[in-house]
Amino acid sequence: MGGRSGQSVNSSGSKTSNVSIEEIQVKGYTGKKLTDEEKKYFSEFAQKVIKNYGIEGDVKINTYYKKDNAAGSYNIKVMKPDGTFYGSSYKTEEISINLKNLKTKEDIERNIKHELKHVHQGQNGLYIKHESDGSRNFYWKGEKFGSVSAVHKLMGKHETYMKLPWEIDARSTEKDKY
């Protein structure tokens, strides 16, 4: 018996997601890179978080080093009016982690938990971008929150951005132990 595409089934019959960690080269920036041992550790850590959140499919964690304030991001899918998503089949979820702002193992773990919480929100229809009538809007728990451009403007205002409901929800899990 197999799992959903992008998953395997272990000997106990539980579905497991594959986790890959890849470095992204950002032009003009060099800095911390994860060792093979660190990649293995964080991959195993991510597996525990994924299992806890019930995330389905594979997860790709991109690491990079860039001189900006963003610690991480989740590439949220955009839903078309017919309920399908733009782009690929989205069998692989993708998060990105800026190692510049993450100094310790605990910082990276907290960021992985936070970004994977956004994946969980997206897979459960809590946090989505939806296109209708030619405009793209963010939705939180089924309620229109605002246009993509309005929310993107808030990203430059860190304090305001951190008050967005999906950010509050993601931060609420950062102290969970695995």
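Residues numbered from 1 in each chain as written. Predicted model: local features only at pLDDT ≥ 70, side-chain atom pairs only at ≥ 80, totals over all residues. Heavy atoms only, no water.

Okay, helix α1 (residues 36–53) next. Its 18 residues place the ends of α1 25 Å apart at the C-alpha level, agreeing with the 26 Å of an ideal helix rising 1.5 Å per residue. Looking only at α1, the buried set comprises Phe-42, Ser-43, Phe-45, Ala-46, Val-49, Ile-50 and Tyr-53. Positive backbone phi, at 75°, marks Gly-54, one or two positions downstream of α1. (Helix = DSSP H or I, 4+ residues; strand = E, 2+ residues; numbered from the N terminus. Expected span 1.5 Å × (residues − 1). Buried < 20%, exposed > 50% of the residue type's maximum accessible area, 1.4 Å probe, protein only.)

On to the packing of aromatic side chains. Evaluated as defined, the whole model comprises 7 aromatic pairs. Measuring from ring centre to ring centre gives 5.1 Å for Tyr-41 and Phe-42, while their planes differ by 80°; the resulting arrangement is edge-to-face. Look at Tyr-41 and you get partly exposed, because its relative accessible area is 32%. For Phe-42, a relative accessible area of 3% translates into the label buried. Ring geometry for Phe-138 versus Trp-166: centroids 5.4 Å apart, planes at 25°, classification stacked. A residue pair is termed long-range when its members are at least 10 positions apart, and Phe-138 in strand β9 (residues 135–140) and Trp-166 in helix α5 (residues 165–171) qualify at 28 residues. For the pair shown, Phe-138 and Trp-166 are each scored as buried. A connected cluster of aromatic rings, assembled from ring pairs, spans Tyr-127, Phe-138, Trp-140, Phe-145 and Trp-166. Positioned over the ring face of Tyr-53 is Lys-117, at 5.1 Å from the centre of the ring. (Phe/Tyr/Trp six-rings, centres within 6.5 Å; stacked < 30°, edge-to-face > 60°. Lys NZ or Arg CZ within 6 Å of the ring centre and 35° of its normal.)

For the rest of this paragraph, the subject is the packing of α1 against helix α2 (residues 105–123). Across the interface, α1 lies against α2 with an axial gap of 10 Å and an inter-helix angle of 35°. Judged by the sense of rotation from one axis to the other, the crossing of α1 with α2 is right-handed. Along its contact with α1, which presents Tyr-41, Phe-42, Phe-45, Ala-46, Val-49, Ile-50 and Tyr-53, the element α2 presents Lys-105, Ile-108, Glu-109, Ile-112, Lys-113, Leu-116, Lys-117 and His-120. (Axes fitted to C-alpha atoms, helices over the stretch in contact; angles between N-to-C directions. Left-handed = near helix turned anticlockwise from the far one by under 90°. Contact = heavy atoms within 4.5 Å.)

Locating Phe-45 in the fold gives a position in helix α1. Phe-45 gets classed as buried once you look at its relative accessible area, which sits at 6%. The sequence separation of Phe-45 and Ile-112 amounts to 67 residues, and the corresponding C-alpha distance is 8.6 Å. The residues contacting Phe-45, other than those within four sequence positions of it, are Glu-109, Ile-112, Lys-113 and Tyr-178.

Now for the pattern of salt bridges. When charged atoms on two side chains of opposite charge get close, those side chains can pair. Using the criterion set out here, one finds 4 salt bridges in the structure. Across the pair Lys-40 and Glu-44 runs a salt bridge whose closest N-O atoms are separated by 2.8 Å. Here the residue Lys-40 and the residue Glu-44 both occupy positions in helix α1, the gap between them amounting to 4 residues, near one helical turn. Judged by relative accessible area, which is 53%, Lys-40 ranks as exposed. For Glu-44, a relative accessible area of 41% gives the class partly exposed. A salt bridge links Asp-107 to Arg-110; its shortest N-O distance comes to 2.4 Å. Of this pair, Asp-107 and Arg-110 both sit in helix α2, 3 residues apart, roughly one helical turn. (Salt bridge = Lys/Arg side-chain N within 4 Å of Asp/Glu carboxyl O.)

In this structure, β9 lies alongside strand β10 (residues 143–147), joined through 4 bridges in antiparallel fashion. Paired with Trp-140 across the two strands is Glu-143, which belongs to β10. Counting the residues in the hairpin turn of β9 and β10 gives 2 residues, including Lys-141, whose phi is positive at 50°. (Pairing = 2+ DSSP bridges.)

Turning to the confidence of the model for the protein chain, a few remarks are in order. When pLDDT is averaged across the protein chain, the result is 78; 74% of the residues are at 70 or more. In the predicted structure, residues 1–13 sits below a pLDDT of 50 and forms 27 contacts with residues beyond four places in sequence or in another chain. Note that residues 86–90 has pLDDT below 50 and, in this model, 8 contacts with residues that lie over four places away or in other chains. (pLDDT = per-residue confidence, 0-100.)

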